[in-house]
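Secondary and tertiary structure notes
Here is how the chains run, residue by residue.
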Amino acid sequence: MSKILSEIIDIIEKNTLTLKDYKRFRELGRKVDGADLVEYSSYDEKMKLRLPEIAEKEGHYNWLEPEDED
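Let's talk about helix α3 (residues 36-58)
Compared with the 33 Å implied by 1.5 Å per residue over 23 residues, the 30 Å span of α3 between its first and last C-alpha is a close match. Those residues of α3 that fall on the buried side of the exposure criterion are Asp36, Tyr40, Tyr43, Asp44, Met47, Arg50, Leu51, Ile54 and Ala55. Buried residues in α3 make contact with α1 (3-12) and α2 (19-29). Immediately beyond the C-terminal end of α3, within one or two residues, lies Gly59, with a positive phi of roughly 90°.

Observations regarding the packing of aromatic side chains
Each aromatic ring pair is characterised by the separation of its centres together with the angle its planes make. The final tally for this structure, using the stated rule, is 3 aromatic pairs. Judged by centre distance (4.9 Å) and plane angle (75°), the ring pair of Tyr22 and Trp63 falls under edge-to-face. Remark: Trp63 occurs in the segment after α3 and Tyr22 occurs in helix α2; sequence separation between them is 41 residues. Each of the two residues, Tyr22 as well as Trp63, counts as buried. Between Tyr61 and Trp63, the ring centres sit 5.9 Å apart and the planes meet at 20°, which makes this aromatic pair stacked. Overall, the relative accessible area of 42% leaves Tyr61 in the partly exposed class. A relative accessible area of 6% means that Trp63 is categorised as buried.

Rules and cut-offs
Residues numbered from 1 in each chain as written. Predicted model: local features only at pLDDT ≥ 70, side-chain atom pairs only at ≥ 80, totals over all residues. Heavy atoms only, no water. Helix = DSSP H or I, 4+ residues; strand = E, 2+ residues; numbered from the N terminus. Expected span 1.5 Å × (residues − 1). Buried < 20%, exposed > 50% of the residue type's maximum accessible area, 1.4 Å probe, protein only. Contact = heavy atoms within 4.5 Å. Phe/Tyr/Trp six-rings, centres within 6.5 Å; stacked < 30°, edge-to-face > 60°.

Encoded structure:
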C-alpha cells in the first residue's frame, strides 16, 4: 500500500470529518495511480456518503470539488 493511500484511509476512518480533511482527501486522490486506483475508488464512495456530515458543519455545499458536484 502506498503512503498516499495510507493517508487517504486515515482520513476516511476518522470519526469526525472536517472541510480540511475533505480537501486533503481530494488532493491526495488526484495523485493516486496504478494498483491503488481500484482500492481508492471504494474510499471515494465512502467520502461521498460522508459529504452531508461536512455540509452540516459548514452550513452549505459551496465547498464541493468539481468531482463531487452532481
